[in-house]
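Summary of the model geometry
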Amino acid sequence: MEEKQFAGILNGAVPGEPVKKDENSRRGNWGNQIEFVLTSVGYAVGLGNVWRFPYLCYRNGGGAFMLPYFIMLVFCGIPLFFLELSFGQFASLGCLGVWKISPMFKGVGYGMMVVSTYIGIYYNVVICIAFYYFFLSMTNLLPWTYCNNPWNTPDCSGVVSSGHQFNASLANATSSLVAGVSEVVNRTKRTSPSEEYWKHYVLNISDDIGNFGEVRLPILGCLAVSWSVVFLCLIRGVKSSGKVVYFTATFPYVVLTILFIRGITLDGAINGIKYYLTPQWQKVLDAKVWGDAASQIFYSLGCAWGGLITMASYNKFHNNCFRDSIIISITNCATSVYAGFVIFSILGFMAHHLNVPVSEVADHGPGLAFVAYPEALTLLPISPLWSLLFFFMLILLGLGTQFCLLETLVTAIVDEIGTDWIIKNKTVVTLSVAIAGFLLGVPLTTQAGIYWLLLMDNYAASFSLVIISCIMCICIMYIYGHRNYFKDVEMMLGFPPPLFFKVCWRFISPVIISFILIFTVIQYKPITYNDYVYPGWSLAIGFAMALSSVVCIPIYALYKISKSPGATFRERLKAACRAHPKWGPALQEHRTGRYAPMASEDTVEARPLKERDELKEEQKEKEKEEGKEKEKERKDEISLTIQGSNGSTNTHNNPNPSA
């Protein structure tokens, strides 16, 4: 019996309850649990693992960044990941609907939607640039190989000599490489052909964030392609995206492994890996490093975006989301570190041949993926093939995250409206959100687009995520009550949350997040891009974007309090914080214990089959017992009526002797 119960727990079922399908016919569920895990891995493992994580390591002292990163992962990332998965799965609702737990905090859900909107807009622009590079790689010669193009400047100097023809033997590439490096060493300033291709051709970057210039039509076309792919993959919601992730979530690992094997065999790769792993401990004292670590955890795992709640809401009620949260979090972390080896082995290779430190071989920001790697790929045999693989991997990594961002917004809208028409026509909502996302992304395809992209990346998805996560923890643990939530998780999983997670949810995670927020504000430094310093008005827009998601919380709280019943402010506040009567499992068969309706004849039919039969039997037995008691009382009354004091029938005190 114990073995069966243990097996049931591993399968995500409550001990003693038979395993059965509990398909939510109204909202739908994942086809199987693998689809949910792969989708969550694709959501968590995105462009940030290849583009953002190595960039943050490079900016924050190499291996020194690992310490705050892993501390944030253990004490904030994984606990919050499990919290959000269990939150969404228990209620089977999106990031707005779940706040029936405490209606006053529904503004947190709106804040999550705002964050997902910002990220979804600029994230797809990065994907579209990857599409652009992917299409341009379909050639015999990569266009960023040499410096003899119209967009190149006199400062351009490639690692492959321009006199060396592409059709020459690859075995003689070393001699041309040495010639190119000698030319580089003799220059005081060096820009690579890939860097100039990125700045002067792909972006045609303007000199100021306010100078939009013209729309880059090739990038705009790729943006349309990117949004079209996302829409088609989500045309049937999780039913269609769940099938796509079998490829989009697994193939990037194949490409990463190929690039890793190739990277570590190159000269100088060990120097890049040393720079990646060797800590610069003085940077650990900088709050910006810790802030970046916390931000990267939220950015990479997807905490506070609303996506985790949304994806988990399509799970079956008794799915073991605790197991899933550990698997997905560790996979995400391992992928980030693994991708760092791939990136830094190439950076070490570049630094070795240019005879410069590793820190000088790439620009900050997304240029790491669109400048350093493309240049390194020109040195490899059959370089267009490697380029196709690399940018196809970036596309797949980005799409996996973009699927969930779009589904988060669509699910929130559909759940909030909740009519039969909107549920049947969910595809129309998906198309509308996709079109809106495309139109809002058009300014990022202009000549000033890269400035706005980095502004959104640094402000829209930074400290606002920290605030949202902290408030979510406080609401669930202290407003709703930690004991109530622990009982909810136990009812869902069949076992209570481990002690470590209880402590993190209640104390450690909120405290660490609060201190990180304080230190980040104290040691704030304005954003820059290379030598360009952002003007004050643009920074004000950045802060406005960051605050726009956070300000939803107090505004909605005040609105809810004003609409709540009560004579005094305190009574209204209590009413606004109290859980909604509909809070709890979505399906009636799971609403047991304190969520069970009254055992009347009308509600018996809403119970699970097993409990329904038991209730009917109990009611029948109760009716029989009541019938026996009434019959006995009737006999006693008749007996007393017959045996009066004078031997005659006494009807004065009992006008209805037969009652």
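Within an unreviewed UniProt entry, the label attached to the protein chain reads Transporter, and the organism entered is Oreochromis niloticus. The record held by UniProt for the protein chain lists under Sequence similarities (unreviewed entry) the comment "Belongs to the sodium:neurotransmitter symporter (SNF) (TC 2.A.22) family. SLC6A9 subfamily." The UniProt entry for the protein chain carries the following text under Catalytic activity (unreviewed entry): "glycine(out) + chloride(out) + 2 Na(+)(out) = glycine(in) + chloride(in) + 2 Na(+)(in)".

1. Here's the deal with the packing of aromatic side chains
Inspection of the entire model under this criterion finds 59 aromatic pairs. Relative to Phe344, the ring of Tyr276 lies with its centre 4.8 Å away and its plane at 20 degrees, an arrangement referred to as stacked. Taken as a pair, Tyr276 in helix H11 (residues 269–277) and Phe344 in helix H14 (residues 321–354) lie far apart in primary sequence, 68 residues in all. As far as burial versus exposure is concerned, Tyr276 and Phe344 are alike and both buried. A centroid spacing of 5.3 Å and a plane angle of 65 degrees characterise the contact between Tyr459 and Phe543, whose relative ring orientation is edge-to-face. With Tyr459 in helix H19 (residues 449–459) and Phe543 in helix H22 (residues 536–550), this pair connects stretches of sequence that are 84 residues apart. By relative accessible area, which is 3% here, Tyr459 ends up buried. Above the face of the Tyr314 ring, Arg27 is positioned so that its terminal group lies 4.4 Å from the ring centre. Directly above the aromatic system of Phe486 lies the positively charged group of Lys502, at a separation of 5.0 Å from the ring centroid.

2. Some words on the state of the cysteines
Under the defined criterion, the tally for this structure stands at one disulfide. Disulfide partner of Cys147: Cys156, at an S-S distance of 2.0 Å. Handedness of the Cys147-Cys156 disulfide follows from its S-S torsion of about -70 degrees: it is left-handed. Exposure remark for Cys156: the relative accessible area of 6% places this residue in the buried category.

3. Focus: helix H21 (residues 499–522)
If you check H21, its first and last C-alpha atoms are 34 Å apart, about what 24 residues at 1.5 Å a residue would give, namely 34 Å. Along H21, the sharpest kink reaches roughly 55 degrees, centred on Trp505. Listed in full, the buried residues belonging to H21 are Phe501, Cys504, Trp505, Ser509, Pro510, Ile513 and Ile516. If you follow the buried residues of H21, they end up packed against helix H4 (66–91), helix H12 (287–301), H14 and helix H20 (463–493).

4. So, the pattern of salt bridges
When charged atoms on two side chains of opposite charge get close, those side chains can pair. Evaluated as defined, the whole model comprises eight salt bridges. For the salt bridge of Asp420 with Arg26, the shortest nitrogen-to-oxygen distance reads 2.8 Å. Taken together, the residues Asp420 in helix H17 (residues 420–424) and Arg26 in the loop between helix H1 (2–10) and helix H2 (33–44) connect sequence positions 394 residues apart. Look at Arg26 and you get partly exposed, because its relative accessible area is 44%.

5. Here's the deal with the UniProt feature "binding site: Na(+) 1" (unreviewed entry) in the protein chain
Mapped onto the present numbering, the UniProt feature "binding site: Na(+) 1" (unreviewed entry) falls on Gly42, Val45, Ser300, Asn332 and Leu397. Spatially, the listed residues are clustered: although they cover 356 residues, their C-alpha atoms lie within 11.8 Å of one another. Leave out the neighbours within four places in its chain, and Gly42 touches Ala249, Leu397, Gly400 and Thr401. Structurally, the position occupied by Asn332 is in helix H14. When near neighbours in sequence (up to four residues on either side) are disregarded, Asn332 contacts Ala44, Val45, Asn49, Tyr69, Ser300 and Leu301.

6. Concerning unusual backbone geometry
Despite not being glycine, Ser92 has its phi angle at roughly 55 degrees, a positive value. For Ser92, the location among the structural elements is in the loop between H4 and helix H5 (106–136). Residue Ser92 is classed as buried on the basis of its relative accessible area, which comes to 9%. The backbone phi angle of Asn530 is positive, close to 55 degrees, even though this residue is not glycine. Note on placement: Asn530 falls in the loop between strand S1 (528–529) and strand S2 (532–533).

7. Topic: the packing of H2 against H14
The relative placement of two packed helices comes down to the angle between their axes together with the axis-to-axis distance. Between H2 and H14, the least distance of the axes is 9 Å, while the angle of their chain directions is 35 degrees. Crossing of H2 over H14 shows right-handed handedness. Every residue of H14 that contacts H2 at Gln33, Phe36, Val37, Ser40, Val41 and Ala44 is listed here: Arg323, Asp324, Ile328, Thr331 and Asn332.

Rules and cut-offs
Residues numbered from 1 in each chain as written. Predicted model: local features only at pLDDT ≥ 70, side-chain atom pairs only at ≥ 80, totals over all residues. Heavy atoms only, no water. UniProt positions renumbered as here; feature names shortened; annotations may be inferred. Phe/Tyr/Trp six-rings, centres within 6.5 Å; stacked < 30°, edge-to-face > 60°. Helix = DSSP H or I, 4+ residues; strand = E, 2+ residues; numbered from the N terminus. Buried < 20%, exposed > 50% of the residue type's maximum accessible area, 1.4 Å probe, protein only. Lys NZ or Arg CZ within 6 Å of the ring centre and 35° of its normal. Disulfide = S-S within 2.5 Å. Expected span 1.5 Å × (residues − 1). Bend = angle between axes of the 7 residues up to and from the residue. Contact = heavy atoms within 4.5 Å. Salt bridge = Lys/Arg side-chain N within 4 Å of Asp/Glu carboxyl O. Axes fitted to C-alpha atoms, helices over the stretch in contact; angles between N-to-C directions. Left-handed = near helix turned anticlockwise from the far one by under 90°.

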